[in-house]
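Survey of secondary and tertiary structure
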Amino acid sequence: MSSIIQLLPDHVANQIAAGEVVQRPASVVKELLENAVDAKATDIKLIIKDAGKSLIQVIDNGVGMSVTDSRLCFERHATSKIRQAEDLFSLHTKGFRGEALASIAAIAHVEMKTKQDQEELGTHIVIEGGKFMSQEPAVSPKGTSFAVKNLFFNIPARRNFLKSETVEQRHIVDEFQRVAMAHPNIHFTMYHNGSEMFNLPISNFRQRIVNIFSGKTNEKLVPVKEETDILSLQGFVGKPEFAKKNRGEQFFFVNDRFIKSGYLHHAVMAAYEGLLKDGSQPSYFLYLTVPPHTIDINIHPTKTEIKFDDEHALYAILRSAIKHSLGQFNVAPVLDFDRDPNLDTPYQYQNKEAEYPTIQVDRSYNPFAEDKPSKSFSTPSYKKSEAQPNWESLYVGLKQAGQELAEMTFENDAVTSSLFEENEVEQEVKRTYQIHKKYIVSPIKSGMVIINQNRAHERVLYEAFLTSMTVHQASSQQLLFPLQLYFSAPEMELLAELQSALENTGFVFEAMADDHVLISGLPVNVTESEIAIVLEELLRDLQDGIPDSSFSQNDTIAKSMARSLAIRTGTYLTEKEQENLVHNLFACKEPDVSPFQKPTFITMSVEDLDKKFSV
């Protein structure tokens, strides 16, 4: 029998390996930015076109590469970061596998220009689909410029599986923010389709966070710092009142590398125990520094998961440090049972001299005197007059007057008689009942109907919003003072695309800036306290991309707003509110299902009840 196992060609092996390293344009951005950081650059520019599908370019002023290195860096497992296996446990760089550039070059058109500081000329290399097209000297500044064009041009299936530009752009921004936050000592700039999105000068950690997110972020941050033998912790956590529904502003950095860790996230949530509302997520930007030999980074291709030697100690330190910071800055309530607040000296009296009270003495007072001297008061005398009528005389003649009044008749008496006899009036029957603050039961001719109040209200609000957006007759309630809400740059870009659709629902946008929006009018169903939650959940629902057609976009907005504003389970409803919800539900076009295709009510006939009681 002939042999059937054979070695794959290099270009095929590189394309297979690229599937692990390069999942989407954001993966290329991450690898190129980390290489620029490893090259000791102090100024890094990221240029994106068409959400990375047409162009991803990273320009840095790092150390550059020689002629030999510039050709060798595109080979698989070629790296300058490690030399032997033991180096994996003392990593001080972002990359170490030597697979990224080879994988990128296998599935795109790559153009690289690089030059070292001491060299007069640099090197210009062009690679298309893993094949070297040209290598020649070129005039270029110090550092390296990588241009990746037409990503996945030779793998059309992978290119077709990419999401919309909005989604891919959001992933690119996420990767850019993670690298930029980990290195505030580097100047980062990002351009998308010719417009500048971020310009982050060299700063400290706090200023870098404020520059990436909004200026409003500064007042949300509470500093955290702890130094131990196994961990050096610094960073910031958000105040509980600024907690959001989504987990967008949660970052862990271990040795200047962004990671994801559900275990450490649980430690943060444990520190916020009792301070957050249900479903709220706090913001945190935590930088952990641990000895390199105590962690293992080489367990996932994206290097976002790390294995720690002593996770339990890190958990305890992280939890206690955050709890201490929240208490130290008077964010968490402090209980002091030994302190009596009644003994506190008011601030305005702290440095005030004590004053002696004035004493007045009546020297003519003699308690043993028979006739007490009368004190001279300016007020009139309140002595009782001698001739006081007897108290019984006040009630004389009342009985006779009451009898005379009872016999008298008046022409203008109000007619209080009923049109019907009392025995003919039927008592009004209660039509709806609320069970466990979750279901509404209403009797019908054949039995009863049981309605889920949350899903029913979702259906009512969904059709109301959809009608107002399509018919363009939405009513709006004007605010006395405009409401100012702060969002990040990607969220503001998304809001700008949704502005016309949101205005059809009743929103009135007075102004839109780079980091905040000014709202002067709200839909009738939305209160001022709910507006931030509604917009946050709407942006979260649309993070996966805005639908292309206008109807799909309106449908998504109506669903998101209906889910945010619907009556929650556990809300008490009065009888009038119950009846109103039932009537509005059955006035809908599709009352039997919610906007998310879940049943809103069930019916139970008398026969079904009889079967339950049959033995």
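Our structure's up above, just so we're on the same page.
Notes on the structure follow. All residue numbers refer to positions counted from 1 along the written sequence of the respective chain. For this predicted model, a pLDDT threshold of at least 70 governs which residues receive local features, and a threshold of 80 or more governs which side-chain atom pairs are given and counted, while totals over whole chains, interfaces and linings are taken from all residues. Think of the side-chain values as coming from all heavy atoms in the structure, minus any hydrogens and water.

Bringing empty space enclosed by the protein into the picture now. Note on definitions: the grid is 1 Å and covers protein atoms alone; a cavity is a set of points where a 1.4 Å probe fits but cannot get out; a pocket is an open set with protein on both sides within 12 Å along at least five of seven lines; lining residues have an atom within 4 Å of a point. Grid points are joined across faces, edges and corners, and a volume is the space filled by probe spheres set on the points. Applying the stated criterion to the full structure yields three cavities of 30 Å³ or more. Of the volumes computed, that of the second largest cavity is approximately 40 Å³. Around the second largest cavity, the lining residues are Phe213, Ser214, Thr217, Lys220, Lys244, Glu249, Tyr486, Phe487, Ser488 and Glu491. When residues are sorted by character, Ala, Val, Leu, Ile, Met, Phe, Trp, Tyr, Cys and Pro go into the nonpolar class, Asp, Glu, Lys and Arg into the charged class, and all the rest, Gly among them, into the polar class. Split into classes, the residues belonging to the lining of the second largest cavity amount to three nonpolar, three polar and four charged.

Right, let's get into the sheet that holds strand β7 (residues 187–192). At least two bridges found by DSSP between two strands is the condition for calling them paired. Where helices and strands are cited, they refer to DSSP runs of H or I of at least four residues and of E of at least two residues respectively, numbered from the N terminus. Strand order in the open sheet formed by eight strands is β5-β4-β3-β6-β2-β1-β7-β8, and the pairing between neighbours is mixed. Edge strands, defined here as strands with exactly one partner in the open sheet, are β5 (131–138) and β8 (195–200). Taking the axes of each pair of neighbouring strands and ignoring which way they run, one obtains an average angle of 10° across the sheet. Here six bridges tie strand β1 (residues 43–49) to β7, and the two strands are oriented parallel to one another. Note on geometry: axes are C-alpha line fits, over the in-contact stretch for helices, and angles between N-to-C directions span 0 to 180 degrees.

Attention now goes to the side chain of serine 564. By the secondary structure assignment, serine 564 is in helix α14 (residues 550–565). When accessible area is computed with a 1.4 Å probe and restricted to protein chains, residues below 20% of their type maximum are described as buried, those above 50% as exposed, and intermediate ones as partly exposed. Given a relative accessible area of 9%, serine 564 falls into the buried group.

A pairing counts as a salt bridge when a side-chain nitrogen of Lys or Arg comes within 4 Å of a carboxyl oxygen of Asp or Glu. One pass over the structure, following the stated rule, counts eight salt bridges. Taking the shortest distance from any N to any O, the salt bridge between lysine 30 and glutamate 34 comes out at 3.3 Å. Placement of the pair is lysine 30 and glutamate 34 together in helix α2 (residues 25–38), with a separation of four residues, close to one helical turn. Here lysine 30 matches glutamate 34 in class, with each residue buried.

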